[in-house]
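Breakdown of the fold
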Amino acid sequence: MSSTLLSVRDLSVSVRSEAAPRLLLDRVSLDLGRGEILGLVGESGSGKSLFCRSLVRLLPSRALVIDSGTVLLEGQDLLQASEADMLAVRGGRIGMIFQNPTSHLDPVMRVGDQIAEGIRFHQGLGKAAAREAALEILAQVGFPDPKRQYLSYPHEFSGGMRQRAMIGVALSCQPDILIADEPTTALDVTIQAQILRLLTEIRDRTRLSIILITHDLGVVAQTCDRIAVMRGGRVVEENTKRALLAAPGHAYTKALIASHPSIPARLSPVTTTEAKAASPLRPLLEVDDLHVSFPSGAGLFSGQPRVFNALNGVSLRVMPGETVGIVGESGSGKSTLARAILGLNPIASGHVAFEGSNLATQRNATLAKLRTDAAMVFQDPYNALNPRMTVGETLAEVLRVQNKVQPAQIKARIDELLDLVGLDRDFATRKPRSMSGGQCQRAGIARALAVDPKLIIADECVAALDVTIQAQIVDLFRDLQRKMNLTLLFIAHDLAIVRNLCERVVVMHHGKIVEEGRSADVFAMPSHAYTAALISAIPDIDPDRPLHALPLRRADSLRGMSSLSLQPST
Amino acid sequence: MARPAFTPGWSKAFGTNGALAAGSAILALFVLAALFAPLIAPYDPIAQDAAARLAAPSLLHPFGTDNFGRDILSRVIWGTRIDLQMAFFGVVFPFLIGTVVGTVAGFFGGVVDALLMRLIDIILAFPFLVLMLSIIAILGPGLSSFYIAMALVGWVSYARLVRAQILVLKTQDYAVAATSLGFGRLRIMFRHLLPNAIAGSVVFVMSDAVLVLLNGAAISYLGLGVQPPVAEWGVMVAEGQPFVTTAWWVTLFPGLSIVALAFGFSLLGDGLGQRLGVAE
Amino acid sequence: AGVLTIGRREDSTTFDPIKTAQNIDNWVFSNIFDVLVRVDPTGTKLVPGLAESWTVSEDGLTYTLKMRDAKFSDGAPVTAGDAAFSLLRVRDNPGSLWSDSYKVIDTATASDDKTLVVKLKTPSAPFLSTLALPNVSVLPQKVLESVGEEAFAEAPVGSGAFALKEWRRGDRVILEKNPNYWDADHVSLDGVEWISVPDDNTRMLNVQAGQLDAAIFVPFSRVAELQKDANLTVHLDPSTREDHLLINHEHGALAKKEVRQALDMAIDKQAVVDTVTFGLGTVANSYIPKGALYYYADNLKRPYDPEKAKQMLADAGASDLTLNYVVRAGDEVVEQTAVLLQQQLAKAGVTVNIQKVDPSQEWDMLVAGDYDVGVNYWTNDILDPDQKTTFVIGHDANNNYMTRYKNDAVKDLVAKARLEMDPAKREAMYVDLQRMAKEDVNWIDLYYSPYINVSRKGIENFTQNPLGRFLLEDTKKN
Amino acid sequence: MHRYRFVLTRPLQFLPVLFGISVITFILVRLIPGDPARVILGTRATPTAIANIRAQYGLDEPLIAQYFYFLRNLAQGQMGRSILYKIDVLRLIGTRVEPTLVLVLASVVLSVLIAVPMAALAARNQGKAADQAVRIVSTLGIGFPPFWLGLMLIIVLSVQLSLFPVSGYGNTLADKLAHIALPSLTIALSLSAVLTRSLRVSMIAMLSSDIATAARARGMPERIVFWRHVFPNSLVPTINLLAVNIGWLIGGTVVVESVFAIPGMGQLLVRAIFSRDYMVVQGVAMAFACATVLVNFLADLATVAADPRIKL
Ligand SMILES: Nc1ncnc2c1ncn2[C@@H]1O[C@H](COP(=O)(O)OP(=O)(O)OP(=O)(O)O)[C@@H](O)[C@H]1O
Ligand SMILES: Nc1ncnc2c1ncn2[C@@H]1O[C@H](COP(=O)(O)OP(=O)(O)OP(=O)(O)O)[C@@H](O)[C@H]1O
Ligand SMILES: [Mg+2]
Ligand SMILES: [Mg+2]
């Protein structure tokens, strides 16, 4: 390892204001070498973001204070530096990119100007020179037409482009250290791969030091030189990548590694279906040449509104008791399909039949059936529950409206449901805001189960969760499916989980199903190029199985980006 | 501003939310004044005293007297009854109408929404004064005409606020979930969406209450406020106009009462905003 | 010399004299138009205007007026033809608001350029004084016919002391001295600006700050304070204004004379004078204003006696009288009177419900008889008492000024007095009328009050005659 | 959808709004008890004179016929004649538009000039003394009725300090501005209070937003963070609030016009209502409505310009 650039010793941060001050960072010590990529992993709330923000003294709230410690940047203690000195350090020495580029880019300022702003301030360049430099940076981070993109606003970009812009903004100040706080969590695997490639490439080119925060061990395995694991405000373990992955010392690290989806599942997918498929049962769900379109406006003067085809002839059959995974990049139409099946989206053409009853021809009857026999679990656990109702009220309301349980039995049934999803019974009196994401997600599943459905459609129901919690939820589904003979439609863009849970997988791309088959087969031998690209972009926890993502020569990356980027922005 | 007494119970109930506590305290003072007006007002608010006309504030008349020799302190205290009532009813009906209309418009969208939005445009573009004066003229002056006029116009703001919220909320997963679980529309609108959409309106109620009082005062300035000899702050300010340069106390004290109440309302609004997570 | 700036409540609405009946218009007309006969500054007698002299035939039907040498502001001479045209126009024009008052005219002709002959259908004692009304100002026939009524109403041509220079609607009327005025040598001011400042306080502050030379409609409440200001002169000019409480004679117990008399006794007029007019008014005892022609100074003043009033009400079976009191909104004086009377009447056991409505609606309610009592006031337009007497107790088409008062003896006497040409006999008749009205309590006379105006020191002769005319041709600005 | 497409479609929505307003005003003013003929005749009203005037202005015709004439006139770009002023309503309004327009514009500019620094001061010192002071001042601004506030301003600034004319509306531009200063300040004191409150809240939210954090992380000094990032991002809700309030303001200048003797439309309207000058009430109502609609349209334009994400 090269010379140490940044050295943190015994950094402690606590939160004031509440009755008893709580220690959030507990004597954290870390070093960062020049040109090194340090991976910071740990469960949600372990203090990763806080640590990084403390380095530049940008704490998220006034209630938080740095109690003690030193942060030496080439000998200068940043904790003692004056506010004016810090202005030069922030951006100029230490740049940051954030998890959510959408909320961190100024929506009302042109992307180019945001990059030029830092250049003008830190390098004192004039307007025109800063503009030139900004165009150069835009090209560096992979924008195909910097002149045009300089003038764009962030909302006109896809998620991946925004993250590149964010990186561009950070690079504009020519920092020595780049802190990347979960830079890819919100992105597709394919785009994630590109961004990670971009970061390592820049490091190779400029000897930039990077702190990469993530909760995906696969990401660290693929990019970092060294890994630090945090838990409860402490660094519990720190080592070079290989050493740490090969011989994790701390129990938490072991659990983290064990629950990573790229580790081959201990349980193989449910296999009972083969028998079922052979039986003469009719399919529970039949989707036939389904088209769904949304109006997408028109130009200033052209009158006719255009339509955007979100689903372009999708056909699908699901047998009772089957578990089908639906994967595909963001915007490929997965959620639209789910909603169309449940009659929540208008259908342009095609058929959806549930238990033989056709949604187009017998709409009311089919809807009635769907409402009582199918349920949905949603992506964002917080958003899927009414924040003003307790879990108990939420469940009770479903039971009452569905009228499947005697009013007197409602209470008992609620307890039963909570048991089923592994929540304590006293959660009945809690509101979503007082629960963690995983707990909310379980409540959401309990609500779906309250319907006593034959079919559950789970739309990205684990995407927002920690790996450890993800694993719990997947186990729960597996369990339920076994116990209750549920039919499960499992939507995700995380292929690893689908491989783990589902026996059959459907790959969607641009509103079409491009590949379909047994998970094992599809993942082993993808027949469609797009599926292959998706699979190869999964970061494996094994550092020796590197990303097969599109090779990052600039031109290629651009082509990749435009083909993978979402619908064109207007 | 009155300094409210913070008992332990208070601080527990309001936490660190000083605005909420102070606002409630101010409002509570006014409510008490209204409730116990007969007990605390030193004089009959409409009793005239020819000997004490336009007397400056003194121990006998802490706020002075008006041109009929009526005690202004007593009138201010009794006025609390009318003004609180005005603030309350002037806001309640618009609030109720507005939230229902906003919910329906936002939820159903399409033609219903378009029609209601045009109606809102019309009302917003309609000169308020014409409406106000017309309604008062048609129904006769008095508080009920005032409330009707306020209700006819005031709901618009609430409808806009709620509608904007509902438009967002109805795309939220829990609304979609409610549909997918077979809940009825009324249940979704009023049990799931509205309670989550209403916080902004609740906060706005507080500003609106002040605007209602001011509208009342403006109407009084044009001569169509509450019927004499009833004491109402807006009317008192307007009636004191002729004496502004000679007997400042006639207008100042009722004016200050409006400000104090307004201050209470706006603090309460800020506090509620914090509480309900609308602002800040 | 100099331009006099005067603040007033409202701006003019039109300069066509026959189409308005508002003081705000008339008070400006009277300075740009001239009339055949004028009222003198004391408001007690008629003096020559455009008519130098006049004779009345024995039968009282033919008036021959001799015109003086005068010119309109455009230089054209004022002829008897213009005068005849103007008289017939006010009688016949469909837009005229005043035709009823001039229906008595049979013919009006110019026997030559300087001689106007007016023949009446019946004798009319007040006729000559109606010629002093600004609404029958002499207009230039040629100009009016060539530019049309509408254009004339905005850019009039007259023969008065001043001519309209500019009219900024809603804001001000700008007059300049008319060099062609027959008495131009006596006019000192170069011009006059009538500026509308609706808010009473603002208007006063303008004068106090020296931004206006004068302001009219000074509220009673401001007089004492303004008098203290050494830079200002407060003018309390005698007026013909009389405030009264209208009573609807058709409503229940109010039909009884005793009840009305009791109400009269239950009202402490002196208190009204003290509280509402801040002592500037005087208690009224007749519907004819103090100082006006045929005013009967010794008319009955019923004493203030709430106890007796209560007793009388009880005797008349009206001890629990409840009255609906209509109040014109936005008029400080009227509102204050209402509050005061409510309290006074309560002492006699009368419950008064105040109903405040906007002026136009008040008018409607009064006309429709949808009220019990209400305060109103009257200022005379003409010298002769006939006009007001006819409206108020003459039993004409107007329900005796909305009171629904009925007394045939009074009715007959009013008609007789109109025809009586002997001043002494007429005076006796009017004394009787004032007595009878007081006995019947057609309404309750409250108080007389002066015109109150204020001007800066250095403005001289800024006076208003009792009929409201501002004698600006005499005003000087130093 | 093109972001500015609404520029083409929105005017079509104005028509029903204006039509609706014409119907409502027409009905409303005629429901009010009172008779214009009696008003202009005053104390001397006799039944024949009243009938005469009613006939002249077509007030004796059935309501539906009157409305039809009104619409027919409107289609020809006419608004009828004023009963009180005896001239064409459009001409009458034409003489009164400018002062009100200038007053409203000046008030808005002044409000913004007051509100922005106040809100910035409060937001950047959230919870501190400066913040509390702004809160108190803005509550005072909302709480005091304009007719009182205006009078106090006159007494202090015009009469005692002779800084401004007491009232009226000037001739030359400079003169007009001098005259309009106090009235617009009166309005601005209450309007800016409303704006300040709204702007302060959005600014506080933006100050702790990711956008501000990102700018700080780039080493931008607080001044730039605030004015270049926080401020522009706080504008949209306040623009909308301003739009709603301008509508209210345009219809509510009456009191201020009366206190300051500004010969504007507000005064005309009150006088017309009180004298039941139907045509004028209708005309002014329509004019106000057009102005409000226009302002809302401009606000929409401003919103779209202020935030490139917004489509209408
Ligand atoms: N403004 C705040 N006030 C009080 N506590 C806070 C605040 N911000 C963060 N914390 C606490 O600090 C701890 C560390 O938070 P931090 O954001 O660093 O977690 P993290 O490791 O980045 O988690 P994640 O993976 O969810 O982003 C958490 O317990 C959190 O509750
Ligand atoms: N209500 C709508 N109006 C217009 N377009 C829509 C609407 N809902 C979805 N779309 C568009 O349809 C396409 C498919 O969306 P969908 O939500 O089904 O994608 P997805 O595969 O679920 O993506 P993600 O992984 O991001 O959830 C997208 O381009 C989206 O923009
Ligand atoms: Mg974090
Ligand atoms: Mg989706």
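As shown above, the structure is provided for reference.
Read on for a plain summary of the structure. (Residues numbered from 1 in each chain as written. Chains lettered and ligands numbered in written order. Predicted model: local features only at pLDDT ≥ 70, side-chain atom pairs only at ≥ 80, totals over all residues. Heavy atoms only, no water.)

1. Remarks on the overall build of chain A
Just so we agree on the cut-off: Helical segments are the DSSP runs of H or I of at least four residues, strand segments are the runs of E of at least two, and each set is numbered from the N terminus. The cut-offs for exposure are 20% and 50% of the maximum accessible area for each residue type, with area from a 1.4 Å probe on protein chains only; residues under the lower value are buried, those over the upper are exposed, and the others partly exposed. Residues are treated as being in contact if the distance between any of their heavy atoms lies within 4.5 Å. Using a 1.4 Å probe, accessible areas were evaluated by the Shrake-Rupley method; residue-level cover was limited to the displayed protein chains.
A count of helical and extended segments in chain A gives 22 helices and 20 strands. Out of the 570 residues belonging to chain A, those deemed buried represent 56%. In chain A, of all internal contacts separated by at least 6 residues, the share reaching a separation of at least 24 is 69%. Surface exposure of chain A reaches about 22,800 Å², of which carbon and sulfur atoms provide 52%.

2. Some points on the interface of chain D and chain A
Threshold: Using a 1.4 Å probe, buried area is obtained as the accessible area two parts lose upon being combined, added over both of them. Each salt bridge in this description consists of a side-chain nitrogen of Lys or Arg and a carboxyl oxygen of Asp or Glu lying within 4 Å of one another. By the criterion applied in these results, polar contacts are pairs of N or O atoms within 3.5 Å in which, for protein atoms, one can donate a hydrogen and the other can accept it, and in which residues neighboring in sequence qualify only through two side-chain atoms.
In this complex, chain D contributes 26 residues to the contact, which on the side of chain A involves 35 residues. Both sides of the chain D and chain A interface together cover about 2,600 Å² of buried area, and 61% of this is carbon and sulfur. Together, Ala 217, Arg 218 and Pro 308 of chain D form the three largest contributors to the area buried by chain D at its contact with chain A, with a combined 23%. Viewed at the interface, chain A and chain D are joined by two salt bridges. Measuring nitrogen to oxygen at the nearest pair gives 2.7 Å for the salt bridge that ties Arg 228 of chain D to Glu 117 of chain A. Between the two partners, chain D and chain A, sit 10 residue pairs in polar contact (both at pLDDT 80 or more).

3. Points about the site of ligand 2
Residues and elements named next belong to chain A. In plain terms, the rule: Throughout, near means a residue has at least one heavy atom within 4 Å of the molecule or strand. Each residue is assigned to one class: nonpolar for Ala, Val, Leu, Ile, Met, Phe, Trp, Tyr, Cys and Pro, charged for Asp, Glu, Lys and Arg, and polar for all the others, Gly among them.
Around ligand 2 lies a shell of 14 residues, among which Ser 330, Gly 331, Lys 334, Ser 335 and Thr 336 are the nearest. With respect to ligand 2, the backbone of Ser 332 contributes an N or O atom lying 3.2 Å from an oxygen atom. Taking Ser 335, its side chain carries an N or O atom lying 2.6 Å from an oxygen atom of ligand 2. Protein chains shield 67% of the accessible area of ligand 2, which is 640 Å² for the free molecule. Of all the secondary-structure elements, those providing two or more residues to the shell around ligand 2 are β12 (307-318) and α13 (334-341). Per-element tally for the shell around ligand 2: the top contributor is α13, with three residues. When its residues are assigned to classes, the shell around ligand 2 shows three nonpolar, eight polar and three charged.

4. Description of the site of ligand 1
All names here are of chain A. Taken together, 15 residues are adjacent to ligand 1, and Ser 44, Gly 45, Lys 48, Ser 49 and Leu 50 come closest. One of the backbone N or O atoms of Ser 46 is found 3.2 Å from an oxygen atom in ligand 1. In this structure, Leu 50 approaches ligand 1 through a main-chain N or O atom, which is 2.7 Å from an oxygen atom. In the complex, the protein chains occlude 69% of the 640 Å² of accessible area that ligand 1 would expose alone. A per-element tally of the shell around ligand 1 places helix α1 (residues 48-55) first, with three residues. The residue makeup of the shell around ligand 1, split by class, is five nonpolar, seven polar and three charged.

Nothing here speaks to function; it is all geometry.
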